[in-house]
Structures are given as structure tokens and as C-alpha cells.
Amino acid sequence: MQYQYTAEQTEFKDMLSRFVRDHYDYESRRVYLSSGQGFSKDYWQQLAELGVLGLPFSEALGGLDLPLAYQMAVAEEFGKGLVLEPFLPSVVMAGKLLAASDNSEARDSLIPSLIAGESVLALAWEERDSRGAPGKVLTRAQREGDSVVLNGEKLAVLAAPNADALLVTARDDSGDLNVYLVDTQSPGMTMTAFGSVDGQPAANLRFEQLTLPASAALFKGDALPVLRQILDESLVVMGAEAVGVMDQLLATTVEYCKTRKQFGLPIASFQALQHRIADMVMACERTRSLLWAALQAVGHSHFGDSVAMLKAELGRSGRYVGQQAVQLHGGIGMTEELNVGAYFKRLTAMEVLSGDRDYHLDRLALGSD
Amino acid sequence: MSIFDDSESARFREEVRAFLATAPSEEILEAGRKTTSVFAPFKQAIAWQKILYDKGWVAPSWPEEYGGTGWSIQQRYIFAEECNRRGVPPVLPQGVQMVGPAILGFGSEAQKAALLPGILSGEDFWCQGYSEPGAGSDLASLKCRADSDGDDYVLNGSKTWTTYGHHANKMFALVRTSSEGKPQQGITFLLLDMDLPGLEVRPIIGLDGEPEQCEVFFTDVRVPKANRIGEENQGWTVAKYVLEFERGGSTFGTWLLPAQEKLRAWCTRENAFGERLIDRPALRRRLVELDIEIAAVVHTEKRVNANLKHGENPGPMASMLKILGTEVMQRFSELQLEVAGLDALPVQNQALAVGSEVAPIGDEAALLAMPYYLNTRAASIYAGSNEIQRSLLAKAVMEG
Ligand SMILES: Cc1cc2nc3c(=O)[nH]c(=O)nc-3n(C[C@H](O)[C@H](O)[C@H](O)COP(=O)(O)OP(=O)(O)OC[C@H]3O[C@@H](n4cnc5c(N)ncnc54)[C@H](O)[C@@H]3O)c2cc1C
């Protein structure tokens with residue numbers, strides 16, 4: 001039973017930790033945030049050179065084919081440093097889904113360039129009314145002769161403004177869920193790009209009579225089981241990022257309480273705050289335990305349930321740790337002067353994305369979407 | 001039947017409603033809708049204050065001879081209920097609720113005559129210069145120095161978290177005039193203009209990406225001693241009086257009720273699958289749980305207020321009302337965020353500006369959900385943090 005990273009995984013994680021520390025101080029992050037692109041192409045390239053972008057992919061595609069724990073290690077370090085590069089949406093979500101597809105031509109042309117850091121992919125699956133359920137999709141893909149016509153809307157598509165290609169989920173004429181490869185410049189698509197509350201570039205997409213060649217379809221049969229598997233794996237990776245964010249917030253808050261003085265004493269000496277710190281620690285540890293439990297469940301029938309537990313817990317604990325970190329910092333926690341607020345906002349975005357607490361509780365309580 | 005709905009109250013409520021139906025402009029109402037913290041957008045908040053001033057309703061808690069309304073505490077609550085139901089922006093508290101009472105209680109007749117009219121009309125906008133980088137919860141440890149030099153004080157030091165300091169033309173400040181004795185004893189309550197030489201304002205960007213609070217720096221700023229309120233070294237007494245003055249006025253419930261009604265209406269809309277959020281058992285239950293919390297706040301406020309006479313305050317119960325009110329506001333902000341879902345994610349400060357032509361991204365109902373959630377975290381920090389309030393409440397109860 002794995003409850004910690006192996007020696008090799010730890011070595012890899014330490015290397016990333018150094019990379020993040022060297023490149024990701026609060027000031028440079030601010031610069032990338034306001035750069036328009038929302039991240040650094042230069043770092044993306046460096047991450048490719050470190051092998052990060054190829055972790056999950058087969059050697060045939062040019063990847064390293066390493067276990068999920070490696071993706072967790074990356075995400076945890078990225079969480080600690082609030083890294084903006086789209087590892088989660090581009091590699092862990094879109095890349096892995098494309099790699100699992102039946103469309104070898106699309107896969108063989110795009111995955112190598114993703115691994116090389118030359119392109120960014122995005123997965124458009126969430127809709128306003130799906131509220132976390134990947135199968136609850138209103139976007140339609142209608143066959144017309146040799147073409148497929150897309151109509152519908154996708155929300156909060158992470159990394160979309162920087163993407164070179166989009167993977168879009170839609171229901172086809174037979175009612176199956178399929179995934180379509182869409183060029184970001186396609187006529188018939190309106191992209192409303194925005195900065196998300198956590199600084200991540202994202203977009204809402206609208207498709208109106210967007211016409212694609214039939215070869216844009218990525219799967220032969222119903223893609224829902226594969227999509228769900230990939231999304232659940234991505235939630236394990238997101239869980240690791242959340243643990244990284246929470247650990248960092250906790251450490252920062254403890255440090256602040258030890259140095260901030262009021263009434264002639266460090267505020268860490270007030271019992272009310274000590275108890276709050278203890279509750280924050282428990283929130284972090286609960287999430288960490290459920291994270292490893294979810295990793296252990298990979299390949300087992302209870303994987304989905306384990307992931308739902310993790311994400312539901314992340315929703316609760318992430319909120320608590322974020323809110324209390326702000327509270328214990330007092331006024332300064334409410335500003336952009338310190339990075340406490342930025343960590344809090346990242347946790348808040350994670351709570352909302354990929355199904356909120358209610359959605360994942362329903363998965364467990366009702367056993368369905 | 002309570003004193004909030006006897007026939008006299010009903011008549012009063014009608015009168016307030018009739019006024020509110022036509023008095024606020026569309027722009028003022030938009031500012032009310034786009035208020036993402038306890039502080040409404042500046043320009044429209046002042047415009048609304050001017051309208052209330054013209055009507056004679058701007059300072060319900062003041063004595064009538066100085067421009068108060070002569071309303072009972074219960075009528076003041078009804079007024080707050082109707083204002084929040086109509087969605088007008090709240091009057092910014094620094095003038096009418098803070099510096100006004102200080103001048104009323106401790107100012108000379110000359111100071112009253114010179115300063116009260118501008119406070120009421122909103123022509124002067126005051127900011128509150130209490131907190132400092134090193135003095136927050138422990139306010140009495142403040143260090144900003146005011147050294148005596150002839151007829152002036154010379155100020156050196158800084159203030160922080162000064163809400164709307166970048167809009168203000170005047171500040172009321174607590175400054176250190178003595179380091180003898182207990183820290184509370186060497187503090188003086190001083191009024192000053194924001195355009196004095198040596199005074200510098202630097203806005204602070206908040207979690208929502210907007211400036212609301214400021215840092216204010218003083219380098220050899222000369223302020224006439226005539227601007228002092230009360231005696232030298234008696235500032236703590238003045239500040240405590242100001243705190244007591246407004247304590248009767250807890251009105252969180254008047255804001256929460258209409259907000260919750262709007263949220264429920266939002267959950268009752270049908271989506272493209274023909275479903276409504278309110279039909280999700282878990283969410284529906286949380287709405288009802290919040291209803292109960294809000295009802296408890298409303299009735300606690302009314303119960304406490306019902307027993308108060310003019311000029312009285314609820315003492316330690318004020319701490320309880322502050323904790324209850326702010327924490328239910330925070331819970332409301334969480335539920336609203338959950339309802340908004342993905343539509344809460346885009347940062348849309350342009351669309352949030354009053355009069356903006358920029359269309360909201362996604363569902364318009366969700367526009368405020370995130371900034372409101374973020375800003376409302378401050379409610380348990382400002383005005384005496386909830387940790388400090390809990391200590392006060394417990395102490396009061398235990399010491400009986
Ligand atoms: C939105 C906003 C608007 C504001 N507007 C103004 C304004 O206009 N003018 C002005 O002067 N000030 C203003 N303030 C400042 C506000 O009054 C202070 O933030 C507040 O007093 C807390 O002080 P602090 O921020 O220094 O936190 P600290 O006092 O450093 O507190 C940090 C943490 O320690 C806790 N703590 C401190 N002492 C104890 C204790 N003894 N026991 C248990 N816990 C303790 C606090 O509760 C908090 O959680 C504003 C603040 C905010 C957030």
C-alpha cells in the first residue's frame with residue numbers, strides 16, 4: 001500500500017521543487033499573470049525538457065510511461081508554488097484523453113508536439129447544466145454527409161485561450177458521447193476568453209453550426225467510460241495539487257502567527273488560534289489520506305468512489321484551510337500584498353471545477369450522475 | 001404582533017416605501033446591485049446620501065436638533081428593512097456613524113457648526129484612520145506620533161486598511177500624543193484634511209482585484225490643535241463613545257432576508273434539462289438551514305432592539321450580534337457561490353463597474369458571487385475580529 005512517494009518519485013519531485021523555487025517567486029508569477037498569455041512559454045519548454053509533459057504517455061509516442069504518482073508529484077509541487085503552466089488541463093486531461101482515443105492519426109501527430117512543449121491542448125467538457133457530470137451533455141454533433149456539425153456551449157475550459165487544439169465532448173446522432181478535435185480558429189466557434197479567479201486562463205466556448213470533417217471524431221463507440229476514467233485520474237492529480245496548496249498555506253500561516261505580535265505576544269500564543277491551526281492540520285491530513293487512498297484504488301472497481309471521496313473532502317477542507325489562512329492573517333490576508341489570497345483563490349477554483357462537493361457526494365450517495 | 005408591525009409602524013413603513021419607490025435613480029439602484037462588500041461604490045453611495053439628506057433621513061441615530069429623524073430604534077430597523085428590500089446602496093458609515101457621533105459627543109459648538117453639515121450632506125467624505133501595520137486587534141498599541149509644536153501637532157507614522165482613503169477629503173484619526181502610563185491614555189482623536197503637505201495615500205489591491213482600503217503615510221504633517229476632538233490624551237474615550245453610539249443599530253437581518261429571497265428565486269429557474277437547482281435535496285436543505293440562521297439573526301436583532309430605548313445600547317450583546325450577523329453573511333456568500341458554479345470563475349471587474357457597457361460573461365446572476373464571497377471573508381476580521389468578539393462575549397457572560 002503506497003502512502004508516500006517511492007525513492008525515484010521523490011527524486012523527481014525534489015527536482016521539480018527546485019525548478020519551482022528557482023522560477024516561481026511571487027513577483028515573477030505576477031508578471032506571467034499579467035503577460036496576456038497567463039503563463040510562460042519559456043517554462044513550458046523547460047518543463048518539456050525535464051520530461052514533465054511526457055510523463056503519462058507511452059514510449060511509442062515519445063513519453064516516459066510512468067505511473068500516476070509522478071503526475072501527483074508534479075501537481076503537488078505546482079500547488080506549492082502556484083504554478084500557472086497548464087499541466088493539469090493540457091497534459092493530464094486533454095493529452096491523456098487524446099492518447100486513449102481510437103484516432104491514431106490525431107494522436108500520433110499531436111501528442112509528440114505536446115510532449116515537446118510545442119503545443120497546448122484543452123479539453124472542453126463542462127457545461128452550465130452538467131454541474132460536474134461528464135455524461136450530462138447538451139452539445140450535439142450531427143452527422144451531415146461526410147461532415148459533423150457541432151452546436152452547443154462549454155464553460156470554463158481551462159487553457160483554451162492558449163490552446164492549439166481543443167477536444168470537445170458532444171452527443172452524436174446515436175446518443176453516444178464522443179469527443180471531437182476542433183481547431184481553435186474554426187468558423188462557427190466563439191471563444192470568450194477570461195482570467196479565472198485563480199489566475200488561470202480559461203474560456204467559455206459557443207459552437208454554432210461548426211462544421212468538422214468526420215475524421216475529427218476521436219472515438220469509435222461511446223467515449224463516456226474512457227472520459228470518466230481520465231477525469232477521475234485528473235481529480236487525483238488535482239487532489240495532489242490541493243494538498244500542495246494547503247500544506248503551503250498552513251506553513252505560511254503558522255509562520256505568520258509565530259511572528260505577528262498583538263497585545264505584546266505572538267498571536268500564535270492565543271489558544272483560539274492554536275485550535276484553529278490544529279483544525280487546519282486535520283483538514284490537510286484528511287485530504288492527503290484520501291489522496292493516497294484514491295491512488296491505491298487505481299485499476300480497482302472502487303476507484304470512482306475513492307475519487308468522489310477525495311474531491312468531496314477537497315471541497316470542504318480546501319475551503320476551510322483557505323478561509324482560516326485568510327482569517328488568521330487578519331487584514332493583510334484580504335489583499336494581494338501576500339500570496340495567501342492567491343492560494344485561497346486557487347483552492348476556491350478547485351472546489352468549483354470538475355464537480356463540486358454536492359456532485360461528488362451524489363456520486364457516492366446515489367451511485368450515479 | 002410586535003412593536004415592529006403595529007399600526008403606527010405600518011404607517012411609517014408605507015411612508016418609507018413611497019419615498020423609496022421613486023427617490024433612487026437607476027444608476028443608484030445599479031450601484032446597490034453591484035455592491036460586493038459592505039462598502040457600496042463610492043460615487044453612487046454619495047449621490048444617494050445627498051438624496052437622503054435632502055429628505056432629512058440621512059442620520060436616523062442623531063439627535064433631532066442636529067439633523068436626526070427622531071425615529072425610535074424600531075423605526076430605524078424598519079427603515080433599514082425597506083432600504084435593503086429596495087436595494088439602495090448603504091450609506092458609507094465613516095461620516096454619519098463614526099466621526100459624526102464623536103463630534104456630537106465631544107466637539108465644541110464651533111466644531112459642530114463647521115463640520116456636521118458636510119458630514120450629513122456627504123460633501124465631506126471622511127475616512128477612519130485607526131489601524132496601523134502594528135496595531136490591529138490591539139489598537140491601543142498604535143504608534144503614529146503627533147508631537148506638539150506651538151498651535152500644531154506634527155504627525156509622523158502611518159495608518160493602514162483605511163477604507164476609501166483614496167476618495168476621502170478628510171480623516172478622523174487616533175494618534176499618539178504621549179507614551180506615559182497605559183497605552184490607552186496617550187491617544188488623541190484628531191481631524192485632518194487629506195490634502196495636507198506630507199500626507200501620502202497608497203491604495204491597497206484587495207482579493208477581488210479592486211482598491212478598497214489604503215495605506216496613509218505621514219511625514220511631518222502639520223495639523224492645527226484646534227482640530228482635536230475632546231482633550232489631549234482622551235482619544236480612547238472618544239473612540240469608545242463612537243463604538244457605543246451605534247451599537248443599537250445591528251441590521252444584518254434586513255440585508256440577509258432579501259438577499260436570500262433572490263438566491264431562492266435563482267434556484268427556482270429551470271435549466272436546459274428542465275431541472276431546477278431547488279429540486280436537489282441537498283441544496284434545498286442547505287437553503288432551508290440558512291433560512292433558519294437568517295430568521296434567528298432577524299429575531300435576535302428585533303428582540304434586542306425591541307427592549308432598547310433611545311440612547312441605550314445592548315452592551316455585550318453587540319458582540320454576539322456582530323458574530324452572528326457576519327458569519328451568516330459568510331454562509332450566505334458560500335451558498336451563493338455553490339449555486340453560481342462555474343459561472344463564478346471569470347474575473348469580471350469591468351462588467352461590475354457601475355454604468356459599464358461590458359456584458360457579463362456567462363450567467364448574469366452569477367456576476368457578484370465570487371467577489372462577494374471573497375470580500376465577505378473580511379467581515380470576520382474588521383470592526384473587531386470575531387475572535388476578539390468571542391472573547392468579549394465570553395468574558396461578559398462569565399463575569400456576569
Ligand atoms: C475590509 C476591511 C476594512 C477596514 N477598514 C478600516 C478602516 O476604514 N479604518 C481602520 O482604521 N481600520 C480598518 N480595517 C482594519 C481592521 O480594523 C483590522 O483589520 C482589525 O482590527 C484586525 O487587525 P489586523 O488586521 O492587524 O489583524 P491582527 O490583529 O494582526 O489579527 C490577526 C489574527 O489574530 C487574531 N487575534 C488577534 N488578537 C487575538 C487575541 N487576543 N485572541 C485571539 N485571536 C486574536 C485576529 O482575530 C486575527 O484572526 C479594515 C479591515 C478590513 C479587512
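None of the values given here were measured: they were computed from a predicted structure. (Residues numbered from 1 in each chain as written. Chains lettered and ligands numbered in written order. Predicted model: local features only at pLDDT ≥ 70, side-chain atom pairs only at ≥ 80, totals over all residues. Heavy atoms only, no water.)

Quick notes on the overall build of chain B
(1) Moving on: Looking only at helices and strands, chain B features 13 helices and eight strands.
(2) Moving on: A compact globule built from 400 residues should have a C-alpha radius of gyration of about 21 Å, and chain B, at 22 Å, falls within 12% of that.
(3) Moving on: Projecting the C-alpha coordinates of chain B onto the three principal axes gives extents of approximately 75 × 45 × 45 Å.
(4) Moving on: In chain B, buried positions account for 54% of the 400 residues.
(5) Moving on: Within chain B, contacts between residues at least 6 apart in sequence are counted, and of these 73% link residues at least 24 apart.
(6) Moving on: Of the accessible surface of chain B, which amounts to about 17400 Å², a share of 53% is contributed by carbon and sulfur atoms.
(7) Moving on: Averaging the locations of the 40 positively and 53 negatively charged side chains of chain B gives two centres separated by 4 Å. (Helix = DSSP H or I, 4+ residues; strand = E, 2+ residues; numbered from the N terminus. Rg over C-alpha atoms; globule rule 2.2 N^0.38 Å. Buried < 20%, exposed > 50% of the residue type's maximum accessible area, 1.4 Å probe, protein only. Contact = heavy atoms within 4.5 Å. Areas by Shrake-Rupley, 256 points an atom, 1.4 Å probe, with all protein chains shown as cover. Lys, Arg positive; Asp, Glu negative; His and termini not counted. Charge placed at Lys NZ, Arg CZ, Asp CG, Glu CD.)

Description of helix α5 (residues 93-106) of chain B
Residues and elements named next belong to chain B.
(1) Moving on: Helix length check: α5 (14 residues) gives 19 Å between terminal C-alpha atoms against 20 Å at 1.5 Å per residue, within 8%.
(2) Moving on: Bending of α5 peaks at approximately 35 degrees at the position of Gly100, with proline Pro101 no more than four residues after it.
(3) Moving on: Of all 14 residues that make up α5, ten are buried, and the element is covered over most of its length.
(4) Moving on: What α5 keeps buried is the set Pro93, Gln94, Gly95, Val96, Val99, Gly100, Pro101, Ala102, Ile103 and Leu104. (Expected span 1.5 Å × (residues − 1). Bend = angle between axes of the 7 residues up to and from the residue.)

Observations concerning the confidence of the model for chain B
(1) Moving on: Averaged over all residues, the pLDDT of chain B is 95; the fraction at 70 or higher stands at 98%.
(2) Moving on: Our summary of model confidence lists the complex with pTM equal to 0.97 and ipTM equal to 0.97. (pLDDT = per-residue confidence, 0-100.)

So, the side chain of Ser158 of chain B
(1) Moving on: Residue placement: Ser158 of chain B occurs in strand β3 (residues 152-159).
(2) Moving on: Those residues in contact with Ser158 of chain B, other than ones at most four positions away along the chain, are Glu132, Pro133, Cys144, Val216, Phe217 and Phe218 of chain B.

Thoughts on the UniProt feature "domain: Acyl-CoA dehydrogenase/oxidase C-terminal" (unreviewed entry) in chain A
(1) Moving on: Under the feature "domain: Acyl-CoA dehydrogenase/oxidase C-terminal" (unreviewed entry), the UniProt entry names residues 228-365 of chain A.
(2) Moving on: Across residues 228-365 of chain A, helical content stands at 78% and strand content at 3%; the span's end C-alpha atoms are separated by 18 Å. (UniProt positions renumbered as here; feature names shortened; annotations may be inferred.)

Regarding helix α3 (residues 42-55) of chain B
In an α-helix there are 3.6 residues to a turn, and that puts residues three or four apart on one side.
Residue and element names in this part refer to chain B.
(1) Moving on: Given a rise of 1.5 Å per residue, 14 residues ought to cover 20 Å, and the 20 Å separating the end C-alpha atoms of α3 matches this to within 8%.
(2) Moving on: Every buried residue belonging to α3 is among Phe42, Gln44, Ala45, Ile46, Trp48, Gln49 and Leu52, and all of these are buried.
(3) Moving on: Turning to α3, the residues buried within the fold contact α1 (7-22), α2 (26-33), α4 (73-86), α5 and α6 (109-121).
(4) Moving on: Remark: Gly56 follows α3 within two positions and exhibits a positive phi of approximately 85 degrees.

Brief notes about the site of the ligand
(1) Moving on: What surrounds the ligand is a group of 25 residues, the closest being Arg260 of chain A together with Ser137, Thr163, Ser385 and Glu387 of chain B.
(2) Moving on: Residues close to the ligand are split across chains A and B.
(3) Moving on: One of the side-chain N or O atoms of Thr163 of chain B is found 2.7 Å from a nitrogen atom in the ligand.
(4) Moving on: Counting only elements with at least two residues in the shell around the ligand, the list comes to α9 (303-329) of chain A together with α13 (386-398) of chain B.
(5) Moving on: Of the residues in the shell around the ligand, the class split is eleven nonpolar, twelve polar and two charged. (Near = heavy atom within 4 Å. Polar contact = N/O pair within 3.5 Å; in protein donor to acceptor, adjacent residues only side chain to side chain. Nonpolar A, V, L, I, M, F, W, Y, C, P; charged D, E, K, R; others polar.)

As for the interface of chain B and chain A
(1) Moving on: Residue-level contacts link 46 residues of chain B with 45 residues of chain A.
(2) Moving on: Contact between chain B and chain A buries roughly 3900 Å² in total, counting both sides, with carbon and sulfur atoms accounting for 59%.
(3) Moving on: A per-residue breakdown of the area chain B buries against chain A is headed by Leu207, Leu342 and Leu345 of chain B, which together make up 19% of the total.
(4) Moving on: Connecting chain B to chain A are seven salt bridges.
(5) Moving on: With a shortest N-O distance of 3.5 Å, Glu337 of chain A and Arg202 of chain B are connected by a salt bridge.
(6) Moving on: For the side of chain B that touches chain A, the elements supplying multiple residues, two or more each, are β6 (199-205), α9 (281-306), α10 (317-340), α12 (369-376) and α13 of chain B.
(7) Moving on: Here the side of chain B that touches chain A is composed, by residue class, of 24 nonpolar, eleven polar and eleven charged. (Buried area = accessible area lost by both parts, 1.4 Å probe. Salt bridge = Lys/Arg side-chain N within 4 Å of Asp/Glu carboxyl O.)

Concerning the domain arrangement of chain A
All names here are of chain A.
(1) Moving on: One can read the domain layout of chain A as domain 1 (7-120), domain 2 (122-216) and domain 3 (224-366).
(2) Moving on: For domain 1 versus domain 2, the distance between C-alpha centres works out to 23 Å.
(3) Moving on: Interface of domain 1 and domain 2: buried area, both sides summed, is about 1400 Å²; carbon and sulfur atoms make up 64% of it.
(4) Moving on: For the pair domain 1 and domain 2, the interface holds zero salt bridges.
(5) Moving on: Elements represented by at least two residues in the side of domain 1 that touches domain 2 include exactly α2 (26-33), α5 (87-99) and α6 (104-115).
(6) Moving on: No other element matches the five residues that α5 contributes to the side of domain 1 that touches domain 2.
(7) Moving on: When grouped by side-chain class, the residues that make up the side of domain 1 that touches domain 2 number 13 nonpolar, four polar and two charged. (Domains from an automatic or database assignment.)

Some details on the nonpolar core
(1) Moving on: Membership of the largest hydrophobic core comes to 160 residues, with the highest contact counts inside it found for Phe87, Leu123, Leu150, Leu166 and Val182 of chain A together with Leu345 of chain B.
(2) Moving on: With 16 residues, the top contributor of residues to this core is helix α7 (residues 224-259) of chain A.
(3) Moving on: Contact partners of Val182 of chain A, with chain neighbours within four places excluded, come to Leu150, Ala165, Leu166, Val168, Met189, Leu210 and Leu212 of chain A.
(4) Moving on: Core analysis: the second largest hydrophobic core is formed by 43 residues, Trp57, Phe79, Leu116 and Ile119 of chain B among them. (Core = buried A, V, L, I, M, F, W, Y, C linked by side-chain atoms within 4.5 Å.)

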